[in-house]
Amino acid sequence: MDEHTQDRVIIFDTTLRDGEQAPGCSMTLREKLRVASALRDLNVDVIEAGFAAASPGDFESVQAIAEEIKGPVICSLARCHPEDVARAAAAVKPAEKSRIHVFVATSEIHRNLKLQMAKEEIIRRAVESVQVAREHCDDVEFSAEDASRTEHAYLADVVQAVIEAGAGTINIPDTVGYTVPAEFAETFRYLKQNVKDINDVVLSVHCHDDLGMAVANSLAAVNAGARQVECTINGIGERAGNCSLEEMVMALKTRADFFKIGTNIDTTRLYPTSRLVSSITGMHVPRNKAIVGENAFAHEAGIHQHGMLKDASTYEIMKPEDVGLSRSNLVLGKHSGRHAFRERVAQLGFDLDDDELNRAFTEFKKLADRKKELFDGDLEAIIMNSGGTPAGPWTMDELQFSAGTGVSASATVRLSHTDGRMADETADGDGPVEAAFKALDCAAGFSMSLKNFEVRSVTVGEDAQGEVTVTVEYNDHNYRGHGISTDIVEAGALAYLEVINRISRRRNSGIDNSNSAAAKDAAVI
Ligand code: KIV
Ligand code: ZN
């Protein structure tokens, strides 16, 4: 155990593993790399990059993150099976610092109904897997899945056995989000008192939010001796999600007087990282979400505003700047130059390379021609939508549509392909969005089935931009696309075109239209 671990809480981010497991949250390799570099900039200690044995795609992304992201420990999850451990070890091998995280369920319910294994057999598997993992890697974590519903005495036996086998971090998950703070603190105290070698390892906590207590339970565990917290950006994860990283970190920071322990997180990166994850996954952050919601620092009531004007500390326990929110509301206009744009982008916490900045600036100029006032939210949406996705092969040169009450809608699109092809198509539909999607299907030459269409206003006002996220099914796979525009039909068409481009690129690279493992990989691409 590293001596520094006891005077701060280690932040273990599992956005790319437990978070990505949530329905609708799958990410492409490129998106995972973007999130992983944002997590590095946030200064998380450990990135759980995936579950290498789950699929070839998972293996590839853990390996790519291990190769590219320097700084944090890069970790892969593995079941207590030798093949899983070997896959995890191979995937994290290129990392500067690597970890293998093995887990097996320990509760009576899981032992009897899921694993059909006796207590001793589970301990034997756990010990063997930790030993095998240690042959590959010095840093091994063990998780007792469903620990919060496991008998304390048995849990203590499992923990002592895996410590003896070489695990350096022991994670105690509340897998089903069942425990409550006082009870969970008791579990940690019990382990502290009853596991002989407990002080030789880092005790970790991993909570789910089924009863809305993931953060409270994790804080209770820290208070009772846990020194690693497993969490995700925006609290995304299985079912109701995981412990939210931003809430955990800001609770420890804001109530340092109570907890007397902090983290290494650069809290000014919290807001941009939250926006990045929400834009990539399409999981919008509720307006009233603590720390990173739109309203988290908005004061509406007159009496509050009055207090705020006298002294912000009357109603504000954290400063918006501390979480990376520096709203100036009205920002730039059509006469703003590249320099002012670059500065504002940096103030908003984004670190763009020259190509990304140029792409975003071109989009900004186009938008400034259509919209009187540009807000920070507009800039964020532009950056999120122009950053990651490589252009093409198709570009939409023209979109026209007509619609009215009692008449069917019609849309015409003109697309150009990087190989010089042009496609002009017109289609009818129940509304202009459906007509545009049908015309795009004809232009691209394949037809997809729309599963979900979500639209959200990026800022306020009549000329606010709409952000559309579509989920589409094609060849048994779900694909997701985003588009923004002041016109929601156009935003929808751009989102749909992004999907067409994803499919076209996969077809060109020979991945799609096949039963290859990579093609079968992701739930949402
Ligand atoms: O919730 C859980 O128990 C997990 C483990 C695999 C750590 O995600
Ligand atoms: Zn979990």
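Participant: Which residues make up the overall build of the protein, and what values do they have?
Facilitator: Scanning the protein for helices and strands turns up 19 helices and 14 strands. Principal-axis analysis of the C-alpha atoms places the extent of the protein at approximately 75 × 65 × 45 Å. For the protein, buried positions account for 55% of its 525 residues. Within the protein, residue pairs in contact and separated by at least 24 positions form 66% of the contacts whose partners lie at least 6 positions apart. A total of about 22300 Å² of accessible surface is found on the protein, and carbon and sulfur atoms cover 49% of it. Looking at the protein, you have 55 positive and 81 negative side-chain charges, and the mean spots of the two groups are 2 Å apart.

Participant: I'd like a rundown of the site of ligand 1, residues and numbers included.
Facilitator: Ligand 1 sits among R17, D18, H101, F103, S143, E145, N171, P173, T175, H206 and H208. In the model, an oxygen atom of ligand 1 is placed 3.0 Å from a nitrogen or oxygen of the D18 side chain. Here T175 contributes a side-chain N or O atom positioned 2.6 Å from an oxygen atom of ligand 1. Contact with the protein chains hides 94% of the accessible area of ligand 1, taken as 260 Å² for the molecule alone. Going through the elements one at a time, α1 (15–19), β4 (98–105), β5 (140–145) and β6 (169–174) are the ones with two or more residues in the shell around ligand 1. For the shell around ligand 1, the residue count by class is two nonpolar, six polar and three charged.

Participant: Account for the pairing of strand β9 (residues 394–404), with residues named and values stated.
Facilitator: Sheet topology places β9 next to strand β10 (residues 407–417); nine bridges connect them, and they run antiparallel. Of the residues in β10, the one forming a bridge with W394 is H417. Between β9 and β10, which pair antiparallel and follow one another directly, the connecting turn spans two residues, one of which, G406, has a positive phi of 80 degrees.

Participant: Give a detailed account of the coordination of the zinc ion (ligand 2), specifying residues and quantitative values.
Facilitator: Taken together, D18 (OD), H206 (NE2) and H208 (NE2) make up the protein donors of the zinc ion (ligand 2), found 2.0 to 2.2 Å from the metal. As a motif over one chain, the donors of the zinc ion (ligand 2) read D-x187-H-x1-H. Of this pair, D18 sits in helix α1 while H206 sits in strand β7 (residues 202–207), placing them 188 residues apart in sequence. No difference in accessibility class separates D18 from H206, as the two residues are buried.

Participant: Help me get a handle on the confidence of the model for the protein, residues and values and all.
Facilitator: For the protein, per-residue confidence averages 89 on the pLDDT scale, and 92% of positions sit at 70 or higher. In this model, residues 513–523 is a region of pLDDT below 50 whose contacts with residues beyond four sequence positions or in other chains number 22 contacts.

Participant: For helix α14 (residues 338–347), give the residues involved together with the corresponding values.
Facilitator: Listing the buried residues of α14 in full gives F341, R344 and V345. The buried residues of α14 occupy one face: seen down the axis, they fall within an arc of 100 degrees.

Participant: An account of the domain arrangement of the protein is needed here, citing residue identities and associated values.
Facilitator: Taken domain by domain, the protein holds domain 1 (3–283), domain 2 (293–325) and domain 3 (394–509). Relative to domain 3, the C-alpha centre of domain 1 lies at a distance of 39 Å. Counting residues at the interface gives ten residues for domain 1, matched by six residues for domain 3. Looking only at domain 1, the three residues that lose the most surface to domain 3 are R275, S279 and G282, adding up to 51% of its buried area. The interface formed by domain 1 and domain 3 includes one salt bridge. When the shortest N-O distance is used, the salt bridge between R502 and E31 registers 3.0 Å. Counting across the interface, domain 1 meets domain 3 through five residue pairs in polar contact (both at pLDDT 80 or more). Here the side of domain 1 that touches domain 3 gets four residues from one element, more than from any other, and that element is helix α12 (residues 270–281).

Participant: A description of the packing of aromatic side chains should follow, citing residues and the corresponding values.
Facilitator: What the rule picks out here adds up to nine aromatic pairs. Centre to centre, the rings of F258 and F259 are 5.0 Å apart; their planes meet at 90 degrees, and the pair counts as edge-to-face. Overall, F259 belongs to the buried group, its relative accessible area being 15%. Judged by centre distance (4.1 Å) and plane angle (10 degrees), the rings of F437 and Y496 are stacked. Of the two residues, F437 is situated in helix α17 (residues 432–444) and Y496 in helix α18 (residues 488–508); the sequence distance between them amounts to 59 residues. You can call F437 buried: its relative accessible area is 6%. Judged by relative accessible area, Y496 falls into the buried class, the value being 2%. Through pairs of rings, three or more aromatic residues link up here, namely F341, F361 and F364. Between R87 and the ring centre of F59, over which it is positioned, the NZ or CZ distance is 4.0 Å. Over the ring of Y154 we find R111, and its NZ or CZ is 4.9 Å from the ring centre.

Participant: Any details on the sheet that holds strand β3 (residues 73–79)? Residues and values, ideally.
Facilitator: Sheet architecture is closed into a barrel: eight strands sit in the order β1-β2-β3-β4-β5-β6-β7-β8, paired in parallel fashion. Pairs of neighbouring strands in the sheet enclose a mean axial angle of 25 degrees, with direction left out of account. Where β3 and β4 come together, six bridges link them in parallel fashion. Bridged to I74 within β4 is S98. Where helix α7 (residues 152–165) meets the sheet, it contacts β5 and β6, and its direction lies at approximately 150 degrees from that of β6.

Participant: Outline unusual backbone geometry, listing residues and values.
Facilitator: Residues other than glycine seldom take positive phi values, yet N43 does so here, at roughly 80 degrees. Summarising the element assignment, N43 is placed in the loop between α2 (29–42) and β2 (46–50). Relative accessible area serves as the criterion here: at 38%, N43 is assigned to the partly exposed category. For D146, which is not glycine, the phi dihedral falls at a positive 60 degrees. Mapped onto the fold, D146 is located in the loop between β5 and α7.

Cut-offs applied
Residues numbered from 1 in each chain as written. Chains lettered and ligands numbered in written order. Predicted model: local features only at pLDDT ≥ 70, side-chain atom pairs only at ≥ 80, totals over all residues. Heavy atoms only, no water. Helix = DSSP H or I, 4+ residues; strand = E, 2+ residues; numbered from the N terminus. Buried < 20%, exposed > 50% of the residue type's maximum accessible area, 1.4 Å probe, protein only. Contact = heavy atoms within 4.5 Å. Areas by Shrake-Rupley, 256 points an atom, 1.4 Å probe, with all protein chains shown as cover. Lys, Arg positive; Asp, Glu negative; His and termini not counted. Charge placed at Lys NZ, Arg CZ, Asp CG, Glu CD. Near = heavy atom within 4 Å. Polar contact = N/O pair within 3.5 Å; in protein donor to acceptor, adjacent residues only side chain to side chain. Nonpolar A, V, L, I, M, F, W, Y, C, P; charged D, E, K, R; others polar. Pairing = 2+ DSSP bridges. Donors = N, O, S within 2.8 Å, 3.2 Å for Na, K, Ca; no water. pLDDT = per-residue confidence, 0-100. Arc of directions from axis to C-beta. Domains from an automatic or database assignment. Buried area = accessible area lost by both parts, 1.4 Å probe. Salt bridge = Lys/Arg side-chain N within 4 Å of Asp/Glu carboxyl O. Phe/Tyr/Trp six-rings, centres within 6.5 Å; stacked < 30°, edge-to-face > 60°. Lys NZ or Arg CZ within 6 Å of the ring centre and 35° of its normal. Axes fitted to C-alpha atoms, helices over the stretch in contact; angles between N-to-C directions.

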